[in-house]
Structure formats: structure tokens, C-alpha cells
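# Fold and contact review
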Amino acid sequence: MKFNSFALAAGALALGLSGPAQAQVEVQWWHSMTGGLNEWVNDLAKDFNASQKDYKVVPTFKGNYDESMVAAMAAFRAGNAPAILQVFEVGTATMMAAKGAVKPVGEVMKQSGVAFDPKAYVPAVSAYYTAPSGEMMSFPFNSSTTIFYYNKDAFKAAGLDPNKAPTTWPEVVAAAAKLKANGSKCPYTTSWMSWVHLESFSLWHNTLFATQNNGFGGPGARLAFNSPLHLRHFENLANMSKQGLFVYKGRASVAVPSFVSGECAMFTGSSGSYADVAKGAKFTYGLSALPYYPDVAGAPQNTAIGGASLWVMQGKKPAEYKGVAEFFKYLSNPEVQSASHKRTGYLPITMAAYQLTEKSGFYKDKPGTDVAVTQMIRKTTDKSRGIRLGNFVQIRTILDEETEQIWAGKKEPKEALEAAMKRGNEQLERFEKASKAAAAQ
Amino acid sequence: MVERRATMGLLAHAVMILGMLIVAFPLYLAFVASTHTSQEIVQLPMPLLPGSHFWDNYSAALTGHGGGAGSNAPVGRMMWVSLVTALVIAFGKIAVSLLSAFALVYFRFPLRSFFFWAIFVTLMLPVEVRILPTYKVVSDLGLLNSYAGLTIPLIASATATFLFRQFFLTVPEELVEAARIDGAGPMRFFWDILLPLSKTSIAALFVIQFIYGWNQYLWPLLATTSEDMYPVVVGIKRMIAGGDSGNEWNIVMATAIMAMIPPAIVVIFMQRWFVKGLVDTEK
Amino acid sequence: MEKRVRFNSAWLPWVLLAPQVLIIAVFFFWPAAQAVLQSMQVQDSFGLSTEWAGLENFKTLFGDSAYLESFKTTAIFSILVAVLGIALSLMLAVFADRVIKGALVYRTMLIVPYAVAPAVAGVLWVFMFSPSIGVVAYGLAKFFGFEWNHLLNSTHAMSLIVAAAVWKQISYNFLFFVAGLQSIPKSLIEAAAIDGARPWRRFWSIQFPLLTPTTFFLLVINMVYAFFDTFAIIDATTSGGPGRDTVIMVYKVYQDGVKGGDIGSSAAQSVVLMLIVVALTVLQFRYVEKKVNY
């Protein structure tokens, strides 16, 4: 090695270049947004990247929620997980239990020195993603909730007041009867059976869906929807089904086109389906809050959250975490939030964003778009923060499988609910066992 | 074939047309869907005749329609990745399997049976089941996000070897004996006699493997880390909105139809190779 | 199969086998061994904690009535798919062989459906059969008064998945049967025709026997397909419903593994599935291959 001045200079230059303010730090973001939402994600990243020079958020579509989870698990095991991962709400318990794999958002923000006030977020939204200790685990991103849609034209034709949405379940039954008398083949249908009629239903009536405050208290939770209220509701639905007032149209969101095409006159589903309805419906439609039973004390409380949040994975460099913190700060900005909310129909996650949207007259222009928000901007009770159970994907499938047998006439509601509880509890036991093992390590 | 009996001919045509209609009906629907607006498609019932939006939809799909879905990775780039992947898988699998099948059928060596079953058992555990460990292996080898990583793990299955084995077993013994008598070595026999005879099998396999490679979804999704290595099917899936947001079915169908064109071309092109029968060697 | 003329070489076969063996060793056996290992562990999704469970996962499986039900569902499904798939495509291939005019069009239109990406195929079948917006469902109701509802009717649901699975395979089987038929020397057929044999006779005495290697190949492949590659179709159409009536074993593997993140149970189910298919294949080689004419 010849130490001449040239080499020294080159060395110094190299050292200087490898200093802190060199190339952009890339922050990998894996998500599952498709279609128009895919564009939304890309635009968010693009705008953030354009607003500063230090960090570059790189969004990558990694399949639907199940697939991106598998991808992340595979990547983590191999040592190359992304910095940010979008995980659907039913995966929350699994992610929270994976302490060695995730870095709580609260911690990320604090360590990066970025200002962060959990109280600025809509209570029912942020509470869901917060640990029992009070630390925010993941960053709420695209949140929706369950609402009620109805076909105003069909109402008018059946002699119902199109501007008065049924607000209670008895009213829904009455409206359905009138619609059927007027020739409707499908007065009412629903998507996401478990989410709407068990989970959200429970929270809306301030009733427990599972013990230990729906799983927020710990992994020892067990299902509890064999209560008289739940049973009454399902017997109601079963009767409706027998009379042709409620027509089952499939799992998940498969039923949405049935409403959009005009086949079904009333529909409960995600607030996120608004975009579909607005685009495809050839009739006047209305949005309203989820129906409830007026004789239940405490109803209506608030509904269950759906959608996904952003989790931060362990094992990345501090510079990347700082980039993540800056990005989350950007996303919390009221203008950004408000624009996202207007564009996608997802809930605004901060109170400031909600107020900004209201001031802009958006809710007046598009009536009904604030229904979802008003359902969630309530102070939550211990029983209504949300549902956080392990193995929840399997449990939802079990609920789908068992309730389907009611509509098919194979099981009575009581039988189906108890079978669902039994099988679901087996899943929860497995989860508890695995969590204990993980905690012990 | 030999006689030209009218009723048989008519029956054959009738069966073919019926079969074709039934089998190709879903494709026809896809095409029809790609020529309407998305509202027209979700109205009950979907129209059965093509609509008038052919150019709108296809150009929108090609240019990543401004205002629409996933314009991140352009269709052209994805088609290229799919093409390279499919070709490498097809050629790779055929080459490797021809050699293995040849060894298994025409040689006697210890552990021959063992290797046959070892190769064969690869059919019994599909990729999806072993995807996490496979991912780790590929990652450890540094092959993520590369054509090698996209293709080599998919060459590891035995379909082609099995098919060639079946075919080689039907080749008349006289040919092998004649070759040996002529003093030709095994590789000579392989090149000059066996390969030409295998043309139709190779052609059939090429079509199947090309399409198999072309339609890969789950593995490329995991094995790539940047969207510009996505094959076309991932792009299509990315447009089909899942839970909450709206689907532009017409654009999805247009992209799907376009994605089918290269495989369709391969099918048509390879047909020539099917028609050539065995060279008449039994004279 | 034993009296075959072979080449003598000590080293050549090894060289020929090497590429394939190397690839499958690295990319199949190594990951597969790990998958088998996972079947005997209880892991959380991220691999952070691993507990040895021995045969616990298997015991839990066989104690689960849902799992045992899926055996029966799988058996029905696989038999239907394999039998229908092979029979229909054989018939189509034989007729395609006879036709000269339009052969290219027929063959292309029958093979191209294989090119439909599975993701898209699932969507197409929903388009056709969805009780709400499906064209076929609508047609059935309108013209035959038949209420199609695979969401609540198990028979409809099973028919739907069998139809979708067979549809995809017809192209595949057809292709190989056509190739197989084409490699039968024309001279044989002509000789038989000159001897006065009718087409039906010719088929059974010449074409079918000579097709047995291809048929055997397709039998094994179709069975493997029915057992392993059909979960995507089920996911797109019935999701295993109504209730659990269309949950076949591989779909349960997919449900528990990819959707549920339960690696241990999913791996255990895969091992059971693999053993079953290996057993079935051995049986086929043992008993059916005897009837194959090489």
C-alpha cells in the first residue's frame, strides 16, 4: 500500500461520501392494495418521496392479505423482511404475539424522535391497535366499518319512505316484508357474516363477543356468543331466511354485486364498498348506520373496525426506522388524511382530519359518507374496543361454515352457534398454547 | 381417417363443435366482458354479445389506464418477464428430463429404481406446501429477484421425466438393437434416433411447461422483491380488487385476454409438430 | 418391462441423471425435509419459537372430525375429476383425430383454455355460476326453471368444483392424447381398415391399447392434480362451502397454512396427503401398469 497524497485524498473523499447525508435510505413497504387502491398507495409514496430527500418509500404489492403475510413470514425467516407490512385487522393478535418480529409503532416514533400523540387518533380506531400496556403497536392505515346500504328507488316502489332508513332490526324486518310484497326477490342480504352479525353486532350492543374483553385482556379469551341476545338475532335472521326476507349471497364480500345490480334492496357491509356502489349502482341509494335492537341497554355503542394497519418489522437499521417514522408522520397529516378519506372511503384516522373533511363540505355533497365515521367517533367501553383473538382467520371461516348451515336449513341457530363456539374455542386453545410457548422462549 | 363415411364425419364435427363450445365458453365470456364497461358487466345478467368498448378497454389496459389500476409495472415489462421465465422453464425442464428419462430407461445401474422413485416423488408435494423452506433456500443462495430464482426451483418436478419415460418405453427394441449393431454409442442413439421420435411428446410438453411457467403466481410473488420482476399474472391479480374496493372487470378481462395471447401463439405454432407422425421405420 | 435392450456404461447414466438429481436435491428434498420437520413442531408464524411436538399434530388431526370428513370429500372429488377428465378428453381427442377440416381450429380452441391463468379461471367460473350475477345460473333459472345455488346446496357446490377442475384438465389431457394418437403409425390403422375393421373396432383393438402408456401417465397426473392443484379453484368458487362440504384435503392445507398461518398443522396435513398419494401411485404402478402395453 503506497501512502501517497493521492491515496490519502481519495480515502478522505471516500470517507466523506460515506457520511450520513449520502444516498437515499430505502424503506420497503409491502401491501395488499389492488385496483384503485393500488394507485392510492403508490401516490402516497410518491408524494412523500417528493416532499423530502432523505428517504424513499418503495411500495410493493405482495398479493392479498393472506399471501403478503406468508411472504413476510418467509422473508422474516430468511432475514430480509420489509420495514413496513400491511396486515389485515384479523391478523392483529398474531402480529402482537410475535414480539420478536415486530417493533411497536410507539417505540419506532419515540426512538426516532418524531412527535407522536396517540390521543389525536379516532378512539375506536387506535384503541384496536393498542396493546394492553397502552403502547400503540401498529399504525392505523385503511380502516372501514360496517354500515347499512339501501335502495331508495326500491323503497319508494314498495311504499316505504326513501329518506327514512330503517334504524332498528324490527324496522328492517318490516321493510323487508313490504319489499317482498312488492315483488322483491331479495329484500335483504349481507356481506361478511361474522364481521357484521357477530363481531360488529356485539360491539354495537356493548355485549361481549369473547371473554376477557374480547381478547384484549390476554390470550386466555374464549368465545361467548351463545348469549340470549346473539341467539335472538340469529333466530330472527333464520326466520327471515325461511320467509325469503333475507337471502344469503355468499361469504366475504361476494354479495356486494347483488346490491349494486339492484337485485337486493337492503345490504349490510363495509363502508369501503361505497366506491363500488357509487360507481355501479343505477339507482338512488342511501347509507345509514348499522341497525340495532332498541331494547338493549347501551346500544348503539360503536361498531367493529375492518381493514388493515401498518406494522413495522424488526431487524432493520435505525436510519430505516427514522424513515418509517417520518412517513407515518406524513400520513397523519390532516390534509393527507382528509384527501385519502375522500378518495377511498376509508375512515379518517385522526379527529383533525375528520373535522377538516367536514369543514370542506364533503359530507354534505355526498350524504351518507359520514355514517361510518360517526359510528366510530365514540368513546369506547371495555367491551367495545374491538375484537382481538388469535387464529382469527380460522375462526371466521368456522363461523362462516356453521352459519351457512342455518341458511341451508341444515342446523338450527342454537346448534350452529354452539358448534361454532366449540370449534372456535379449540382454535383459541391452540393459540394460547403457542403464545405461552413463545413467551417462554 | 381412412374411410370417409358421411355419418362418422358429421358426428365427429358435431362432437368437436359441442366440445369446443363448452370448453371455450368461459373464454368467450372473458372476451365479451373485456368489451363492455364495468357497470354493464355487473348488471344482471351479463350481456352475451361483445360490446363497443373494445379499443377503450384494451388501450387502457396497455397504457396502465390513467386514473385506473396498478400502472406501476407496465404490461410490456411483465410480459417480458413472463416470456423469459416460461421459456427457461420449458427448455430447462425438457432438457433435464430427456437426459434423466434416457438414463432411467436405457441403462442398468445400481440404485436405478431408487432414483426413479426419488424423481417421481417430487410430484407428490406441491410448491405451495413447501414454499417457506424453498424460499429460504433460494434466499440463502442469493437468488431472490432473479430469473434464476424464478425458474430453477420450478424445474424440480417430475412431470416431464415421467412422460418421457412412458414414451421411451414404447420405442421398439429393434431400433436400439440396430443402433448397437451399427456400433453407435448411447449418445448417438439418443441424438439421431430417440430425439426425432420424441418430437410430438416434446412439443406437447413444451406447450404445457410454457403455459405452466407463464401462469406462475404464488412463487414469483414471494421470490421477487421488486415489482419490475413481476410476471403478468401477478399484475392481473393486482388489478382484481379483493375486499373493499371496486373492480374494473372490463380492464381485468382485457389484460387477461392479452396475457393469453403468447401462450395461444405457442399452442398454434406447436401444432405443426403434432401432425408429424412417426417416421415409417417398420418397412 | 424387464427384458429391455440396454446400453452398457458405468459413468454415463450418472452424468445424465446429475442435472435433475441436483436440482431436486436442492430445491425439493431439502425444503421437503424441512416441511416434514415442521409437521412435528408447533411454531408460531414467524418461526420465533419452535416447540417439538412429535406426533401431536397428527393426533390432533385425526381427532378432528372436520379433517376426517375431508377424506371422503376428497375421494369423491378426485375420482370424479380423474375419470371425467380422462374420459371426456379421450373422446374429444379421438374425434379430433378423425377430422381433417378445421382440425387446427378445433385443436387450438380446445387447448387454449389451459392458458387461462388460474386466478382468472376462478373469476370466470364465478361470472358464470354466481347465483346473483352468473350468466349460466341466470340461464338455468330462465330456461329450465332450475334454481342454481351453490352457496347453499352441497350437490351444486360439488358439481361446480368438479366441473371447474375438469374444465382446466380437459385441455391438458386432450393435448397429450392428441400427441399420443399422432404417434401411432398410420400404417397400422390402414392395415386394419383394409382388413375390414370398423372405426369403433379399430379404436379398441389398436388405438386404445397403444394409448395405454399415455393413459397411464394421465391417470397418475390427473390424480395428482385432483389431490394437489385444485385448491385455487375451490378458493375462487366455493371457499369450501356450503358449510364444509367442498373442503378437500389440500384446500384444508391451504386454509390452515397460508390463510391461517398454522405451519405445524398444515405441514402435518401435507405429510398425510403425500403419503396417501404415494400409496395410491404405488398401487397404480403395481396393478395398473401391468396392463399397459409398451
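Residues numbered from 1 in each chain as written. Chains lettered and ligands numbered in written order. Predicted model: local features only at pLDDT ≥ 70, side-chain atom pairs only at ≥ 80, totals over all residues. Heavy atoms only, no water.

## Quick word on the overall build of chain C
The following threshold applies: Going along the chain from the N terminus, every DSSP run of H or I of four or more residues is numbered as a helix, and every run of E of two or more is numbered as a strand. Throughout, a residue-residue contact means that at least one pair of heavy atoms, one from each residue, lies within 4.5 Å. Shrake-Rupley sampling with a 1.4 Å probe provides the accessible areas, and residues are treated as covered by the protein chains on show and by no other component. Positive: Lys, Arg. Negative: Asp, Glu. His and the chain ends are not part of the count. Charge coordinates come from a single atom per side chain, which is NZ of Lys, CZ of Arg, CG of Asp or CD of Glu.
When helices and strands are tallied, chain C shows 12 helices and 2 strands. When the helices and strands of chain C are listed from N to C terminus, the series reads α-β-β-α-α-α-α-α-α-α-α-α-α-α. Its C-alpha atoms put chain C at 70 × 70 × 30 Å along the principal axes. Across chain C, the fraction of contacts at a sequence separation of at least 24, relative to all contacts at a separation of at least 6, is 66%. Of the roughly 11,400 Å² of accessible surface on chain C, a fraction of 68% belongs to carbon and sulfur atoms. Side-chain charges in chain C split into 20 positive and 16 negative, and the spacing between the mean points of these groups amounts to 16 Å.

## Here's the deal with the overall build of chain B
We count it as follows: Relative accessibility decides the category of a residue: with a 1.4 Å probe and only protein chains considered, values under 20% of the type maximum give buried, values over 50% give exposed, and everything between is partly exposed.
Along its length, chain B carries 14 helices and 0 strands. Listing the helices and strands of chain B from first to last along the sequence gives α-α-α-α-α-α-α-α-α-α-α-α-α-α. Going through the 283 residues of chain B one by one, you find that 60% of them count as buried. Sequence separation of 24 or more characterises 72% of the internal contacts of chain B that already satisfy a separation of 6 or more. Looking at chain B as shown, the accessible area adds up to about 10,800 Å², and 69% of this sits on carbon and sulfur atoms.

## Section: the confidence of the model for chain B
Note the cut-off: Along the chain, pLDDT gives the predictor's confidence residue by residue, from 0 to 100.
For chain B, the average pLDDT comes to 80, and 85% of its residues sit at 70 or higher. Note on residues 66–72 of chain B: pLDDT is under 50 here. Beyond four places in sequence and across chains, it has 15 contacts.

## Comments concerning the interface of chain C and chain A
Operational definition: A quick way to say it: buried area is the sum, across both parts, of accessible area lost when two parts are put together, with a 1.4 Å probe. For this analysis, a salt bridge means a side-chain nitrogen from Lys or Arg found within 4 Å of a carboxyl oxygen belonging to Asp or Glu. Any N or O atom pair separated by 3.5 Å or less is treated as a polar contact, with the protein-specific requirement of one donor-capable and one acceptor-capable atom, and with residues adjacent in sequence counted only for side-chain atom pairs. For this classification, the nonpolar set comprises Ala, Val, Leu, Ile, Met, Phe, Trp, Tyr, Cys and Pro, the charged set comprises Asp, Glu, Lys and Arg, and every other residue, Gly included, is treated as polar.
Counting residues at the interface gives 38 residues for chain C and 37 residues for chain A. Roughly 2,900 Å² of surface becomes buried between chain C and chain A when both sides are summed, with 55% attributable to carbon and sulfur atoms. Across the salt bridge formed by Lys410 of chain A and Asp245 of chain C, the nearest N and O atoms sit 3.0 Å from each other. Counting across the interface, chain C meets chain A through 6 residue pairs in polar contact (both at pLDDT 80 or more). Contributing elements (two or more residues each) for the side of chain C that touches chain A: strand E1 (41–43), strand E2 (50–52), helix H2 (56–62), helix H11 (249–259) and helix H12 (263–288) of chain C. Broken down by class, the residue content of the side of chain C that touches chain A amounts to 13 nonpolar, 18 polar and 7 charged.

## A look at H11 of chain C
Taken across its 11 residues, H11 of chain C has 10 buried, putting it largely inside the fold. All of the buried residues in H11 of chain C are Met249, Val250, Tyr251, Lys252, Val253, Tyr254, Gln255, Asp256, Gly257 and Val258 of chain C. On its buried side, H11 of chain C packs onto helix H3 (65–78) and helix H19 (392–407) of chain A together with helix H3 (65–98), helix H9 (199–228), helix H10 (231–237) and H12 of chain C. Gly261 of chain C, located one to two residues past H11 of chain C, shows a positive phi value of around 70 degrees.

## Brief notes about the state of the cysteines
Residue and element names in this part refer to chain A. Note the following rule: Cysteine sulfur atoms are paired as a disulfide whenever they come within 2.5 Å of each other.
Taken as a whole, this structure holds 1 disulfide over all chains when the rule is applied. The residue that forms a disulfide with Cys186 is Cys264, at a sulfur-sulfur distance of 2.0 Å. Residues Cys186 and Cys264 are joined through a disulfide that is right-handed, its torsion about the S-S bond being 95 degrees. Taken together, the residues Cys186 in strand E6 (residues 186–190) and Cys264 in strand E7 (residues 264–270) connect sequence positions 78 residues apart. Comparing Cys186 with Cys264 shows no difference in burial state: the two are buried.

## With respect to the pairing of strand E5 (residues 139–151) of chain A
All names here are of chain A. The criterion, for reference: DSSP-based pairing: two strands are paired if at least 2 bridges between them are found.
When you tally the buried positions in E5, you get 13 out of 13 residues, the bulk of the element. As defined by bridge partners, E5 adjoins strand E9 (residues 305–313) across 6 bridges and the pair is classed as antiparallel. When the sheet's bridge partners are listed, Phe139 is paired in E9 with Leu310. Inspection of the sheet shows E5 paired to E7 by 5 bridges, in the antiparallel sense. Bridged to Thr146 within E7 is Ser270. Of the strand pairs in this sheet, E5 and strand E8 (residues 285–288) are connected by 4 bridges, and their pairing is antiparallel. Pairing of Tyr150 across the sheet is with Gly286, part of E8.

## A look at a nonpolar patch on the surface
Residue and element names in this part refer to chain C. Test applied: Like charges are joined within 9 Å and nonpolar side chains (Val, Leu, Ile, Met, Phe, Trp, Tyr) within 5 Å, but only among residues with over 30% relative accessible area and no salt bridge; these make up the patches.
Taken together, the side chains of Ile76, Leu80, Leu84, Leu88 and Met91 present a nonpolar region at the surface, about 370 Å² in accessible area. Mapped onto the elements, Leu88 comes out in helix H3. Given the relative accessible area of 34%, Leu88 is considered partly exposed.

## As for the interface of chain C and chain B
Contacts between chain C and chain B engage 102 residues on the former and 115 residues on the latter. Across the chain C/chain B interface, buried area totals approximately 10,400 Å², and carbon plus sulfur atoms make up 77% of it. Its largest share of buried area at the contact with chain B, chain C owes to Arg6, Phe7 and Phe27 of chain C, together 9% of the area lost on that side. Scanning the region where chain C abuts chain B turns up 1 salt bridge. The partner of Arg165 of chain B in a salt bridge is Glu289 of chain C, with the nearest N and O atoms 2.8 Å apart. The tally of links between chain C and chain B comes to 12 residue pairs in polar contact (both at pLDDT 80 or more). Sorting elements by how many residues they give to the side of chain C that touches chain B places helix H1 (residues 12–38) of chain C first, with 20 residues. Among the residues forming the side of chain C that touches chain B, the class breakdown is 75 nonpolar, 15 polar and 12 charged.

## Some remarks on the packing of helix H4 (residues 103–111) of chain C against helix H7 (residues 154–182) of chain C
Residues and elements named next belong to chain C. Note the cut-off: Lines fitted to C-alpha atoms define the axes, with helix axes restricted to the stretch in contact, and inter-axis angles between N-to-C directions lie between 0 and 180 degrees. Small angles under 35 degrees read as roughly parallel and large ones over 145 as roughly antiparallel, with 65 to 115 read as roughly perpendicular and the rest as oblique.
Put simply, H4 and H7 touch, their axes get as near as 8 Å, and they point 140 degrees apart. Classed by the angle they form, the pair H4 and H7 counts as oblique. Contacts from Arg107, Leu110 and Ile111 in H4 reach Ser171, Phe174, Leu175, Val178 and Gln182 in H7. Considering only residue class, the contact of H4 with H7 consists of 5 nonpolar, 2 polar and 1 charged.

## Concerning the packing of aromatic side chains
As a reminder of what qualifies: Side-chain rings of Phe, Tyr and Trp (the six-membered ring for Trp) are treated as a pair once their centres are within 6.5 Å; stacked means planes under 30 degrees apart, edge-to-face means over 60, and tilted covers the remaining angles. Remark: a charge is flagged as sitting over a ring if the NZ atom of Lys or the CZ atom of Arg is within 6 Å of the ring centre and within 35 degrees of the ring normal.
In this structure the tally under the stated criterion is 75 aromatic pairs over all chains. Ring geometry for Phe114 of chain B versus Phe115 of chain B: centroids 5.4 Å apart, planes at 70 degrees, classification edge-to-face. Ring centres of Trp125 of chain C and Phe129 of chain C lie 5.5 Å apart, and the angle between their planes is 5 degrees; this geometry places the pair in the stacked category. Separated by 4 residues within a single helix, Trp125 of chain C and Phe129 of chain C lie in helix H5 (residues 118–129), roughly one turn from each other. Since its relative accessible area comes to 8%, Trp125 of chain C is described here as buried. One aromatic cluster is present, formed by Trp29, Trp40, Phe48, Phe116, Tyr121, Phe139, Phe141, Phe327, Phe328, Tyr330 and Tyr346 of chain A through successive ring pairs. Across the ring face of Trp30 of chain A, the terminal group of Lys62 of chain A is positioned such that the distance to the ring centre comes to 4.7 Å. The ring centre of Tyr293 of chain A lies 4.4 Å from the NZ or CZ of Arg232 of chain A, which sits over that ring.

## A short note on helix H8 (residues 186–194) of chain C
All names here are of chain C. Put simply, the test is: Each direction from the helix axis to a C-beta atom contributes to the arc, which is the arc of those directions.
Every buried residue of H8 is listed here: Ile189, Ala192 and Ala193. Along the axis of H8, the buried positions cluster into a sector of 100 degrees, meaning they face one direction only. Turning to H8, the residues buried within the fold contact H9. Positive phi shows up at Gly196, right after H8, with a value of about 95 degrees.

## Considerations on the nonpolar core
The test is simple: Nonpolar cores are built from buried Ala, Val, Leu, Ile, Met, Phe, Trp, Tyr and Cys residues. Side-chain atoms within 4.5 Å join them into one set.
Within the largest apolar cluster, 346 residues are counted, with the highest numbers of intra-cluster contacts made by Phe209, Met266, Phe328 and Trp407 of chain A together with Phe102, Tyr106 and Phe168 of chain B. The leading source of residues in this core is H7 of chain C, at 17 residues. If we skip the residues at most four places from it in the chain, Phe209 of chain A touches Leu198, Glu199, Ser202, Asn214, Leu223, Ala224, Phe225, Ile387, Leu389, Phe392 and Leu399 of chain A.

## Quick word on the packing of helix H9 (residues 193–204) of chain A against H19 of chain A
In a pair of packed helices, the angle between the axes and the distance between the axes together describe the arrangement. All names here are of chain A. The N-to-C vectors of H9 and H19 enclose an angle of 95 degrees; their axes lie 10 Å apart at closest approach. One finds that H9 runs roughly perpendicular with respect to H19. Across from Met193, Ser194, Trp195, Leu198 and Glu199 in H9, the residues of H19 making contact are Phe392, Arg396, Leu399, Asp400, Thr403 and Trp407. Split into classes, the residues belonging to the contact of H9 with H19 amount to 6 nonpolar, 2 polar and 3 charged.

## Observations regarding the pattern of salt bridges
Residues and elements named next belong to chain A. All chains considered together, the criterion is met by 22 salt bridges over all chains. In this structure, Arg396 and Glu199 form a salt bridge, with 2.9 Å as the shortest nitrogen-oxygen distance. Of this pair, Arg396 sits in helix H19 while Glu199 sits in helix H9, placing them 197 residues apart in sequence. Accessibility expressed as a relative area gives 12% for Arg396, which makes it buried. Classification of Glu199 by relative accessible area gives buried; the value is 3%.

## Quick word on the environment of Arg343 of chain A
Residue and element names in this part refer to chain A. Along the chain, Arg343 turns up in helix H15 (residues 334–344). The class of Arg343 is partly exposed, set by a relative accessible area of 43%. In this structure the C-alpha to C-alpha distance between Arg343 and Pro413, which are 70 residues apart in sequence, comes to 40 Å. A polar side-chain atom of Arg343 sits 2.9 Å from a polar atom in the side chain of Asp43.

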